[in-house]
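# Coordinate analysis (summary)
Each chain, written out:
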Amino acid sequence: MFRVVAATAAFLLALASTSADKLEQHSFEPPYTDVDPSGNRLLSKDWKNGGVASVSQSFVRLTPDRQSKKGAVWSRKSLGTDTFSTILKFRISGQGKKFFGDGMALWVMQQAYFVEGDLHGSVERFTGFGVIFDTFKNTESLSQHRDVSVIVNDGESSTELMMDKLEGCDASIRYHEDRADFSVESMSRAKVIVTGKRLVVQIDGKNDGQFKDCAVVDLPFAMDWAKSAHIGVTASTGQLADNHDVISLTTFSDLVKHEQSEALVLSTPSFEKGDGISQERFERIEGTCSASSLPRAAPSRVAPRAASSTKRTTTSADAAQTP
């Protein structure tokens, strides 16, 4: 018992040391327990829902797997910094095997509130950038398609002009819910790093801790443009549909502290080895709790498991339950 308390205390102390530069007003993580006067669940007082977006305890569903839906979450406060990194953890999934869409987007723009539009739920005229997660491959523009792309607007460009200057990459970011290996742990991550006028986007398509470079873009704005920008996440469906879920968003003003925080979370085991169990047996138990071995479950019926900062002690009694 003492080992569990000591290990948990050490983890929380290390996590606190990296959280000083976390932008709390531009971050959210489950569980989501805030409610408004009408009893509707909220992300937090710092974020506003838009469209059909709905908040459950463990994730935000921007759109359900239904046609012609749009949803969003939008930060109420501007960033107040010109250097930051943000990691979006999300899930795009549905029943469709061949036909699905349309996608979702992470926005950083000088717009204080969500305005519904036709560009993955948002408007095409804005000042800032969007990271687009596009799951619909239009045959008319297939040569230009990227699964993940960056669009930039100075407030004057049309959608066609932005699409002519796409930067991005292809990545496996969409899950078919009828696959045997689909579970509530199926998700993807996108990391956005802004340092003044430079934007870097990295993708971890399977949430396995391995980010890959996707795009590097020089932004046509003043060095301090991001100080007055807001963060938003939107999604839309048309004739085709998918579930578009947001699990969490974490934003830091210190890039190094963000890296340290992520490394700490990823390196912390789910269990603490207790008495009466060998190291080999413990590693097998820890392995059975990985995302690849969790049972299949559809997100429309089962909420994704919230991340926990505490660890459970594994004993010989637990080992008896593991083959």
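In case you missed it, the structure is sitting above this.
Residues numbered from 1 in each chain as written. Predicted model: local features only at pLDDT ≥ 70, side-chain atom pairs only at ≥ 80, totals over all residues. Heavy atoms only, no water.

With that settled, the discussion passes to the sheet that holds strand S3 (residues 47–51). Taken in spatial order, the 7 strands line up as S3-S6-S16-S8-S9-S10-S11 in an open sheet, and their pairing is antiparallel. At either margin of the open sheet sits one strand with a lone partner, and together these are S3 and strand S11 (167–169). Taking the axes of each pair of neighbouring strands and ignoring which way they run, one obtains an average angle of 15 degrees across the sheet. (Pairing = 2+ DSSP bridges. Helix = DSSP H or I, 4+ residues; strand = E, 2+ residues; numbered from the N terminus. Axes fitted to C-alpha atoms, helices over the stretch in contact; angles between N-to-C directions.)

Here the focus is unusual backbone geometry. Cis geometry marks the peptide bond from Pro-30 to Pro-31; its omega dihedral reads 5 degrees. Here Pro-31 shows up in the loop between helix H1 (2–18) and strand S1 (34–35). Across the junction of Gly-101 and Asp-102, the peptide omega takes the value 0 degrees, indicating a cis bond. Relative to the elements of secondary structure, Asp-102 occurs in the loop between strand S7 (83–94) and strand S8 (103–109). Its identity is not glycine, yet His-120 carries a phi of approximately 50 degrees, on the positive side. Its location among the elements puts His-120 in the loop between S8 and strand S9 (127–134). Given the relative accessible area of 10%, His-120 is considered buried. The backbone of Asn-207 sits at a positive phi, close to 55 degrees, despite the residue not being glycine. Of the residues examined, Asn-207 reaches a relative accessible area of 24% and is grouped as partly exposed. (Buried < 20%, exposed > 50% of the residue type's maximum accessible area, 1.4 Å probe, protein only.)

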